[in-house]
Every structure is written in structure tokens, then in C-alpha cells.
Amino acid sequence: MNGKNTYESINRIVDEIFNSFLSRPDVTQPILTQYCDGKRVSCPNAMSQWGSKSLGDDGLSAPEILKYYYGEDIYINTAEMISGVPASYPGYTLTIGSTGNKVRQMQEQLNVIAGDYPALPVIRVDGIYGTGTENAVRTFQKIFHLPQTGEVDFATWYKISQIYVAVSRIAELT
């Protein structure tokens, strides 16, 4: 939630968890996984808070606990594409001075978005995060009700990707 106090360590863990999914060999679709507290909500054949705690107390690692609940033949995958998003978050905040393909990709996406949102300035696509890119990011953040830092953190990256997919209709092409 925008404006809610959070801890950076928790943010990193959540970002990592939500980029991961379970699958089985030779099956394209991810496994439906659920996590229930076991007190207010019970899910048959799903991981529970107290069951997984007990297994952890017995010395099982996180992958071993997942295999206990979902079987030995699972893979833990990291998503390279999420809901039609062209590429995943680079793992660090893009700021003034950042360079490279992730900056270039973000600049290209902002320019496509600017076609549908004229308040967003078109910027030079050069892979260099300069003041023009910072101003465009700040404008994007204002339009889409994100904290106006001018930096591309995890939330801004995925909002840019989400809007890019929507305006370019890339998800309809796959």
C-alpha cells in the first residue's frame, strides 16, 4: 500500500517470493500453491503455518518443506516474464547515472506509454539514466499515483511494465 511503513528486508523477500513459482517436469502450468494459517483458514493438501514451522524446527530447509507438501518432483522457478511483462526487475533501483539494457528497455517502454499518455514526455532512448529520464519517471509516477522519487524501484518498474503491456497489447500477441 502506498505510504505504508515497510521494512526494506521484508520488501526484498516479498519481491523474491513473488517472482518464484513451483512447477513439475514437462508441465507448462505452475502448480497452484496455497498457504494457510491452520487456525482461521485451513486448506486441504496445502502448506500450513504451523505444519511448516514444525518441519523447519525438525531441520528441513525451505525446498525440503515445499517437497514435503507438493512432492519430490517439483522445480522452484524464478519468473523471467510475469503476466506478459517483457523482462523482470533488474534487482536494483535505477537512478541518475545508471546505464545499460534495463535503462534502455525502461526508456523504450515509457516512450510507448507516452503515445497514450501525452502528459508523459518522450525521452531519448540511449541506455543512460539522465535528468530527462528522471523527469519522465517522476511524471509517470505522478500519473499512476506512485511516490514521486524519479527513481525506478521494484514498484515503479512493474507499474511501467504493466502499463506498457496494456497500451502495447503485447499480452494479446503471445
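Residues numbered from 1 in each chain as written. Predicted model: local features only at pLDDT ≥ 70, side-chain atom pairs only at ≥ 80, totals over all residues. Heavy atoms only, no water.

Asks: What am I meant to see in the overall build of the protein chain here?
Replies: When you go through the protein chain residue by residue, the secondary structure sums to seven helices and four strands. Counting from the amino terminus, helix and strand elements in the protein chain follow one another as α-β-β-β-α-α-β-α-α-α-α. Out of the 174 residues belonging to the protein chain, those deemed buried represent 32%. Contacts spanning at least 24 positions in sequence make up 50% of the contacts within the protein chain whose residues lie at least 6 apart. Counting only carbon and sulfur atoms, one obtains 53% of the accessible surface of the protein chain, whose full area is about 11,200 Å². (Helix = DSSP H or I, 4+ residues; strand = E, 2+ residues; numbered from the N terminus. Buried < 20%, exposed > 50% of the residue type's maximum accessible area, 1.4 Å probe, protein only. Contact = heavy atoms within 4.5 Å. Areas by Shrake-Rupley, 256 points an atom, 1.4 Å probe, with all protein chains shown as cover.)

Asks: I tried to follow the packing of helix 5 (residues 131-143) against helix 6 (residues 154-168) on my own but got confused; where do I start?
Replies: Axis angle and axis distance: for two packed helices, these are the angle between their axes and the distance between the axes, and together they describe the pair. Two elements in contact, helix 5 and helix 6, have axes separated by 11 Å at closest approach and are oriented at 75°. Classified by the angle between their axes, helix 5 and helix 6 sit roughly perpendicular to one another. From helix 5, Val 137, Phe 140 and Gln 141 reach across to helix 6, where they touch Thr 156, Lys 159, Ile 160 and Ile 163. The residue makeup of the contact of helix 5 with helix 6, split by class, is four nonpolar, two polar and one charged. (Axes fitted to C-alpha atoms, helices over the stretch in contact; angles between N-to-C directions. Parallel < 35°, antiparallel > 145°, perpendicular 65-115°, else oblique. Nonpolar A, V, L, I, M, F, W, Y, C, P; charged D, E, K, R; others polar.)

Asks: Just checking my understanding: could you explain unusual backbone geometry for this structure?
Replies: Note on backbone geometry: most residues besides glycine have negative phi, and most peptide bonds are trans. Of note in this structure, His 145 is not a glycine but carries a positive phi near 60°. Looking at the secondary structure, you find His 145 in the loop between helix 5 and helix 6.

Asks: Whenever I open this one, the packing of helix 4 (residues 101-114) against helix 6 confuses me. Can you help?
Replies: Between helix 4 and helix 6, the shortest axis-to-axis distance is 9 Å and the interhelical angle comes to 45°. The orientation of helix 4 with respect to helix 6, classified from their angle, is oblique. In terms of crossing hand, the pair formed by helix 4 and helix 6 is left-handed. Touching Lys 102, Gln 105, Met 106, Gln 109, Leu 110, Val 112 and Ile 113 of helix 4 are Trp 157, Ile 160, Ser 161, Ile 163, Tyr 164, Val 167 and Ser 168, all from helix 6. Here the contact of helix 4 with helix 6 is built from residues that sort into nine nonpolar, four polar and one charged. (Left-handed = near helix turned anticlockwise from the far one by under 90°.)

Asks: Is there a simple way to think about helix 3 (residues 62-70) in this case?
Replies: Taken together, the buried positions of helix 3 are occupied by Ile 65, Leu 66 and Tyr 70. All buried residues of helix 3 project into a common sector of 115° when viewed along the axis, lining one side. Downstream of helix 3 by one or two residues, Gly 71 has phi in the positive range, about 105°. (Arc of directions from axis to C-beta.)

Asks: Sorry, what's going on with helix 4 here?
Replies: For the α-helix, the turn length of 3.6 residues means that residues three or four positions removed from each other point alike. The terminal C-alpha atoms of helix 4 lie 20 Å apart, and with 14 residues this matches the ideal 20 Å at 1.5 Å per residue to within 8%. Along helix 4, the residues classified as buried are Val 103, Gln 105, Met 106, Gln 107, Gln 109, Leu 110, Asn 111, Ile 113 and Ala 114. (Expected span 1.5 Å × (residues − 1).)

Asks: Help me understand the pattern of salt bridges, please; the structure alone is not making it clear to me.
Replies: Any two side chains of opposite charge can pair if their charged atoms end up close together. Going through the model one piece at a time under the given rule, you end up with three salt bridges. Asp 126 serves as the salt-bridge partner of Arg 124, at 4.0 Å between the closest nitrogen and oxygen. In this structure Asp 126 comes out as partly exposed when scored by relative accessible area, which is 25%. For Glu 134, the salt bridge is made with Arg 138, and the minimal N-O distance between the two is 3.4 Å. Of this pair, Glu 134 and Arg 138 are both found in helix 5, four residues apart, which corresponds to roughly one turn of the helix. By relative accessible area, which is 29% here, Arg 138 ends up partly exposed. (Salt bridge = Lys/Arg side-chain N within 4 Å of Asp/Glu carboxyl O.)

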